[in-house]
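Residues per chain, in single letters:
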Amino acid sequence: MKFIRNIWYATMWAQNLPAGRLATVTVTKEPLVLFRDADGKPVALMDRCPHRLVPLHLGKLCSDGQRIQCGYHGLEFDTSGRCTHNPHSETIPAAAKVRAFPAVERHSLIWVWMGEQPAREELIPDFSAFDEDNNSRVSRRESIELEVNYQLMTDNLLDLSHVSFLHDGVLGHSNMVRGDIRVEQEDDTLYVKRSTPNVAPPGMFDLMYRHDGKPVDAWADMRWNAPSCMLNNAGVCPVGGKRTDGVYILGAHILTPVSEFRTLYHFAAVRYDNNISRTPEEQNEVVEKLSSLRRIAFEEQDEPMVLAQQQAQVNAGGLGSLQPVLLNIDAGPVRARRMLDTMRLNADSSAATAP
Ligand code: FES
Ligand SMILES: [Fe+2]
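Nothing here was measured: the structure is a model prediction, and the numbers come from that model.

Novice: What is the right way to read the coordination of the iron ion (ligand 2) from this model?
Specialist: Geometrically, a metal with four donors at the corners of a regular tetrahedron has ideal angles of 109.5 degrees, and one with six donors at the corners of a regular octahedron has ideal angles of 90 or 180 degrees. Protein ligation of the iron ion (ligand 2) involves His162 (NE2), His167 (NE2), Asp302 (OD) and Asp302 (OD), the donor distances falling in the range 2.1 to 2.4 Å. Given four donor atoms and angles of 56 to 148 degrees at the metal, the environment of the iron ion (ligand 2) is assigned as irregular. For histidine 162, a relative accessible area of 13% puts it in the buried group. Of the residues examined, histidine 167 reaches a relative accessible area of 1% and is grouped as buried.

What follows is the structure in structure tokens.
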């Protein structure tokens, strides 16, 4: 599997990188060690000491916050990956350096640029709904590691028709099977918009939207940015009414490939519940239930199904060895895969013509 390199990957929620601590994460098979420098800015280095190749996260951050010390023999590296101290000699071998990756904190996430080309911050997808100052409406910012390929999980998220079956009673129900699906592309951004008019409010929204059991118009508009950063605007409103009269959730579904068969799934949600009045207890119930329902859906329903899908393909010869039948509901996933393939081809041709 070929990963796209010249792109930003969300490594972790910023809250999980406190000052003074070393964190480790693997992205596209590259082990990274992350920490904050003396100014609090994130730093990402290859998590591998050039001496005996041990992980640097087993060492420690020096008291100035600007150097990391290998835990085995004490070589020290600055935030650019340069070795600044060899405790065993005055000499520092030229090869004693660690690759540094551009790292940026934005939208409550730590993004790392994995490629060789200059990092372009403007390419970080917009997840401003999850900025720190939006805390009151943002759910817990969570991450789980899935044992599945990130593209299979992307297919899952870009085809939300499965909510009627896999998440029946949680995120959808049997009357939401037939939806209107529109796929739109704007430059490098893809939208997969699904609407299901005049249905009973699905489980999660039934909880959020007090509508006396009356039918609603439901929608789920997923935005996709390569390779697998998704933002889902999902909600319900009165039948034939305006969306702004209903309630909706913006959900971050950000998949970061760890390796071919492992994926970090960062998720969080912001509620827009139209000032529906609730007691503090009811408010807590909504917050807790939304969080637990989402976790159940992802961990107990999506992951086992996608894992079984992956296993079936691995048993048959590997991912991509079988040609699946396509349905109309696959329009979004197919378009996203094509866009990724184009990006890979462009990356290949620019590498081939590089001086
Ligand atoms: S392994 Fe890092 S200094 Fe020896
Ligand atoms: Fe799902």
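So that's the structure; there's more coming.
Novice: Looking at this model, I keep getting lost on the sheet that holds strand E3 (residues 30–36). Mind explaining?
Specialist: The strands that make up a sheet are held in pairs by hydrogen bonds between backbone atoms, and each pair lies either parallel or antiparallel. Taking strand neighbours across the sheet as the criterion, the four strands line up as E2-E3-E4-E9 in an open arrangement whose pairing is antiparallel. Pairing within the sheet leaves two strands with one partner each, and these edge strands are strand E2 (23–27) and strand E9 (100–101). Across five bridges, the pairing between E2 and E3 is antiparallel. Looking across to E3, one finds that threonine 24 is bridged to valine 33.

Novice: Looking at this structure, I do not really get unusual backbone geometry. What am I missing?
Specialist: Residues apart from glycine generally show negative phi values, whereas peptide bonds are mostly found in trans. Backbone torsion omega between alanine 226 and proline 227 reads -5 degrees, so that peptide bond is classified as cis. Mapped onto the fold, proline 227 is located in the loop between strand E15 (216–225) and strand E16 (229–238). Phi angles above zero are rare outside glycine, and threonine 28 is one such case at about 45 degrees. For threonine 28, the location among the structural elements is in the loop between E2 and E3. For threonine 28, a relative accessible area of 3% gives the class buried. Look at leucine 53: it is not a glycine, yet its phi comes out positive at around 65 degrees. Within the secondary structure, leucine 53 sits in the loop between strand E4 (42–46) and strand E5 (60–61).

Novice: Just checking my understanding: could you explain the packing of helix H1 (residues 150–158) against helix H3 (residues 280–315) for this structure?
Specialist: The description of two helices packed together rests on the angle between their axes and the distance between the axes. Interhelical geometry of H1 versus H3 gives an angle of 130 degrees and a closest axis separation of 10 Å. Regarding the angle of H1 to H3, the classification is oblique. Crossing handedness for the pair H1 and H3: right-handed. Contacts between H1 and H3 pair Leu152, Met153 and Asn156 from the former with Asp302, Val306, Gln309, Gln310 and Gln313 from the latter. The class makeup of the residues in the contact of H1 with H3 is three nonpolar, four polar and one charged.

Novice: Even after reading the chapter, I still don't get the state of the cysteines, so can you show me in this structure?
Specialist: Structurally, a disulfide amounts to a covalent bond that connects the sulfur atoms of two cysteines. A complete count under the given rule lists zero disulfides for this structure. Looking at cysteine 83, it has no disulfide partner, and the nearest cysteine sulfur is the one in cysteine 49, 8.0 Å off. Cysteine 83 sits in the buried class, given a relative accessible area of 6%.

Novice: I keep staring at the packing of aromatic side chains and nothing clicks. Help me out?
Specialist: By convention here, two paired aromatic rings are described through the distance between centres and the angle between planes. Applying the stated criterion across every chain yields a total of eight aromatic pairs. Geometrically, the ring pair formed by phenylalanine 127 and phenylalanine 130 is tilted, given 6.4 Å between the ring centres and 50 degrees between the ring planes. Here phenylalanine 127 and phenylalanine 130 have matching classes, each one buried. Linked through ring pairs, Trp111, Phe127 and Phe130 together constitute an aromatic cluster. The residue whose ring lies beneath lysine 193 is tyrosine 191, and the NZ or CZ to ring-centre distance is 5.4 Å. Positioned above the aromatic ring of phenylalanine 127, the side-chain terminus of arginine 223 is 5.1 Å from the ring centre.

Novice: When you look at the domain arrangement of the protein chain in this model, what are you seeing that I'm missing?
Specialist: Accessible area lost on assembly of the parts is the figure often given for the size of an interface. Along its sequence, the protein chain is organised into domain 1 (8–123) and domain 2 (140–345). One C-alpha centre belongs to domain 1, the other to domain 2, and the line joining them spans 34 Å. The partner domain 2 presents 14 residues to the 15 residues of domain 1 that form the contact. Here domain 1 and domain 2 share an interface that buries about 1100 Å² over both sides, 65% of which is from carbon and sulfur atoms.

Novice: How should the pattern of salt bridges be read in this particular structure?
Specialist: Between side chains of opposite charge, pairing is possible as soon as their charged atoms come close. This model, assessed by the stated rule, comprises 21 salt bridges. The partner of glutamate 105 in a salt bridge is arginine 36, and the shortest N-O contact between them spans 2.6 Å. Taken together, the positions of glutamate 105 in strand E10 (residues 103–106) and arginine 36 in strand E3 put the pair 69 residues apart, joining distant regions of the chain. In this structure, glutamate 288 engages arginine 140 in a salt bridge whose closest nitrogen and oxygen atoms are separated by 3.6 Å. Pair noted here: glutamate 288 is in helix H3 and arginine 140 is in the loop between strand E11 (109–113) and strand E12 (142–146), with a separation of 148 residues, a long-range link. Residue arginine 140 is classed as partly exposed on the basis of its relative accessible area of 44%.

The rules behind the values
- Residues numbered from 1 in each chain as written.
- Chains lettered and ligands numbered in written order.
- Predicted model: local features only at pLDDT ≥ 70, side-chain atom pairs only at ≥ 80, totals over all residues.
- Heavy atoms only, no water.
- Donors = N, O, S within 2.8 Å, 3.2 Å for Na, K, Ca; no water.
- Tetrahedral: all angles 85-135°; square planar, octahedral: opposite > 155°, others 65-115°.
- Buried < 20%, exposed > 50% of the residue type's maximum accessible area, 1.4 Å probe, protein only.
- Pairing = 2+ DSSP bridges.
- Helix = DSSP H or I, 4+ residues; strand = E, 2+ residues; numbered from the N terminus.
- Axes fitted to C-alpha atoms, helices over the stretch in contact; angles between N-to-C directions.
- Parallel < 35°, antiparallel > 145°, perpendicular 65-115°, else oblique.
- Left-handed = near helix turned anticlockwise from the far one by under 90°.
- Contact = heavy atoms within 4.5 Å.
- Nonpolar A, V, L, I, M, F, W, Y, C, P; charged D, E, K, R; others polar.
- Disulfide = S-S within 2.5 Å.
- Phe/Tyr/Trp six-rings, centres within 6.5 Å; stacked < 30°, edge-to-face > 60°.
- Lys NZ or Arg CZ within 6 Å of the ring centre and 35° of its normal.
- Domains from an automatic or database assignment.
- Buried area = accessible area lost by both parts, 1.4 Å probe.
- Salt bridge = Lys/Arg side-chain N within 4 Å of Asp/Glu carboxyl O.

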